[in-house]
Amino acid sequence: MKPGIHPAYRPVVFRDRVADFAFLTRSTATSDKTVEWEDGNNYPVIDVEISSASHPFHTGTQRVLDTAGRVERFERRYGHERSKP
């Protein structure tokens, strides 16, 4: 790789404030805010809207859509006529 053209790749804490969940990983993302991590070091922190701790797919709280009912309602509303060959 060419030196001097890539962003710094360093440890960063991503924090989901809604779920009170944070994890330390490596990233090129930057932030002016820092947080003291469990190991006693300060790392840049990035606040995220949603993470695996709060996303409905991962928490099992996602809603199941009634797709059959939607199709039937569409056909009832707009009719379902097939063109005959």
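Note: the structure precedes this text.
Here the structure is a predicted model, which is why all the values come from computation and not from measurement.

Remarks on the side chain of S27
And step 1. Tracing the backbone through its elements, the reader meets S27 in strand β2 (residues 21-27).
And step 2. Here S27 is in contact with A8, Y9, R10, V12 and F14, once residues within four sequence places are set aside.

Here we look at the packing of aromatic side chains
And step 1. With the rule as written, the count across this model stands at two aromatic pairs.
And step 2. An angle of 25 degrees between the planes, with centres 5.8 Å apart, marks the rings of F14 and F23 as stacked.
And step 3. Overall, the relative accessible area of 16% leaves F14 in the buried class.
And step 4. Centre to centre, the rings of F21 and F23 are 5.8 Å apart; their planes meet at 40 degrees, and the pair counts as tilted.
And step 5. For F21, a relative accessible area of 31% gives the class partly exposed.
And step 6. Assessed through its relative accessible area of 34%, F23 is described here as partly exposed.
And step 7. Site record: aromatic cluster; members linked through ring pairs are F14, F21 and F23.

Points about the pairing of strand β1 (residues 10-16)
And step 1. Across seven bridges, the pairing between β1 and β2 is antiparallel. Note on β2: the bridge partner recorded for P11 is R26.
And step 2. Two successive antiparallel strands, β1 and β2, enclose a turn made up of four residues, where D20 displays a positive phi of approximately 55 degrees.
And step 3. Two strands pair when backbone bridges link them, and β1 and strand β4 (residues 42-48) are joined in this way by four bridges, in the parallel orientation. Considered in β4, the bridge of V13 is made with V45.

What counts as what
- Residues numbered from 1 in each chain as written.
- Predicted model: local features only at pLDDT ≥ 70, side-chain atom pairs only at ≥ 80, totals over all residues.
- Heavy atoms only, no water.
- Helix = DSSP H or I, 4+ residues; strand = E, 2+ residues; numbered from the N terminus.
- Contact = heavy atoms within 4.5 Å.
- Phe/Tyr/Trp six-rings, centres within 6.5 Å; stacked < 30°, edge-to-face > 60°.
- Buried < 20%, exposed > 50% of the residue type's maximum accessible area, 1.4 Å probe, protein only.
- Pairing = 2+ DSSP bridges.

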